[in-house]
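This is what each chain is made of:
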Amino acid sequence: MSKPKIGIFGLTGCAGDQLVILNCEDQLLDLVAAVDIRDFLTATSANDTESRLDVAFVEGAVLSKRDEETLKKIRERSDVLVALGTCAVWGGIPALDRGRDRLELLQTVYGNKAEQYDTMPTKALHEVVKVDLNISGCPIEKEQFLSSVADLLNGNPPLLPDYAVCAECKWKENNCLLIEKGEVCCGPLTIAGCKARCPELNVACAGCRGPATDANVKSAVALFQEKGISLTDVAAKFRTFAPVQITDKPE
Ligand code: SF4
Ligand code: SF4
């Protein structure tokens, strides 16, 4: 039986998620034994850019017509498309200019050459094509990538957390930076999976993994307000990685 064919791609991003895959040193031999990696430009220049893929992993956001065309082509040739990393899932840092006039920003940086750039307002992958699975993170956690590959190969839906970083932080019995120090910690609203790496090091969560679907927004908002933290400050911190609506209005 032939091995499942996979492709690993990068649009506009920093290649950090692809590097996480390349850094799976202890698992790489098992990985290449289990799958046929057909197209992975960051790893090799010998790629098959046309054949049908069972699974495509795509890092980065859509920022140009070239990104958009590349993504649509990947979608057409793939049975399953996985968004890899916060930029692909939410727009991430490339989307920091959401709501601003892009041409004006380009003119500030590139002057009269601004209009020559192939650029468009940032989109996450799901805003352009159908996405079958999101693996968030900035960068992704290698365990989540490997377990997702194993699940997909076995025909199982990958089980990734939908709860907030606070859960992992509590399991580690960390002191709470929000409750004890009144710091703007995005943990209550951020999707878990990082094992609360930052709060464990006494650094407030910056929300780099994007919003948790299962977060108790109402309770988090009440807590921020109780600590005198403005929701504008929370939203401003969050928007580095993902657009989130944080409001004290009743749902
Ligand atoms: S430190 Fe942050 S992540 Fe940890 S429990 Fe407090 S609010 Fe949640
Ligand atoms: S604690 Fe927050 S900022 Fe740190 S890795 Fe986890 S999600 Fe990212």
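Quick caveat, the model's predicted, so the values are computed rather than measured.

**Examining the site of ligand 2**
Surveying the vicinity of ligand 2 reveals the residues V165, T190, C194, A196, R197, C198, P199, C205, A206, C208 and R209. Of the residues forming the shell around ligand 2, the biggest block, three residues, is contributed by helix 9 (residues 197-200). Per-class residue counts for the shell around ligand 2 are eight nonpolar, one polar and two charged.

**Points about the site of ligand 1**
Close contacts around ligand 1 come from 14 residues, with C166, C169, C176, C185 and G187 the closest. Residue assignment for the shell around ligand 1 shows that the elements contributing at least two residues are helix 7 (165-171) and helix 8 (177-181). The leading source of residues in the shell around ligand 1 is helix 7, at four residues. Residues belonging to the shell around ligand 1 are distributed by class as follows: eleven nonpolar, two polar and one charged.

**Section: the environment of E104**
Note on placement: E104 falls in helix 5 (residues 102-110). Residues E104 and I93, spaced eleven residues apart in sequence, show a C-alpha to C-alpha distance of 18 Å.

**Notes on helix 3 (residues 65-77)**
For the α-helix, the turn length of 3.6 residues means that residues three or four positions removed from each other point alike. Relative to the 18 Å expected for 13 residues at 1.5 Å per residue, helix 3 spans 19 Å between its end C-alpha atoms, a close match to the ideal helical length. Along helix 3, the residues classified as buried are D67, L71 and I74. The buried residues of helix 3 occupy an angular sector of 60° when the element is viewed end-on, so they sit on one face. Set apart from the buried face of helix 3 by more than 90 degrees, the exposed residues are K65, E69, K72 and E76.

**Observations regarding the nonpolar core**
Formed by 55 residues in total, the largest nonpolar core has its most connected members in A56, V58, V82 and A88. With five residues, strand 3 (residues 53-59) is the single largest residue contributor to this core. Each of domain 1 (5-153) and domain 2 (165-238) gives at least three residues to this core. With near-sequence residues (within four places) excluded, A88 lies in contact with V58, E59, G60, A61, A83, A124 and L125.

What counts and what doesn't
- Residues numbered from 1 in each chain as written.
- Chains lettered and ligands numbered in written order.
- Predicted model: local features only at pLDDT ≥ 70, side-chain atom pairs only at ≥ 80, totals over all residues.
- Near = placed C-beta within 6 Å.
- Helix = DSSP H or I, 4+ residues; strand = E, 2+ residues; numbered from the N terminus.
- Nonpolar A, V, L, I, M, F, W, Y, C, P; charged D, E, K, R; others polar.
- Expected span 1.5 Å × (residues − 1).
- Buried ≥ 20, exposed ≤ 12 C-beta atoms within 10 Å, placed from the backbone.
- Arc of directions from axis to C-beta.
- Core = buried A, V, L, I, M, F, W, Y, C linked by C-beta atoms within 7 Å.
- Domains from an automatic or database assignment.
- Contact = placed C-beta atoms within 7 Å.

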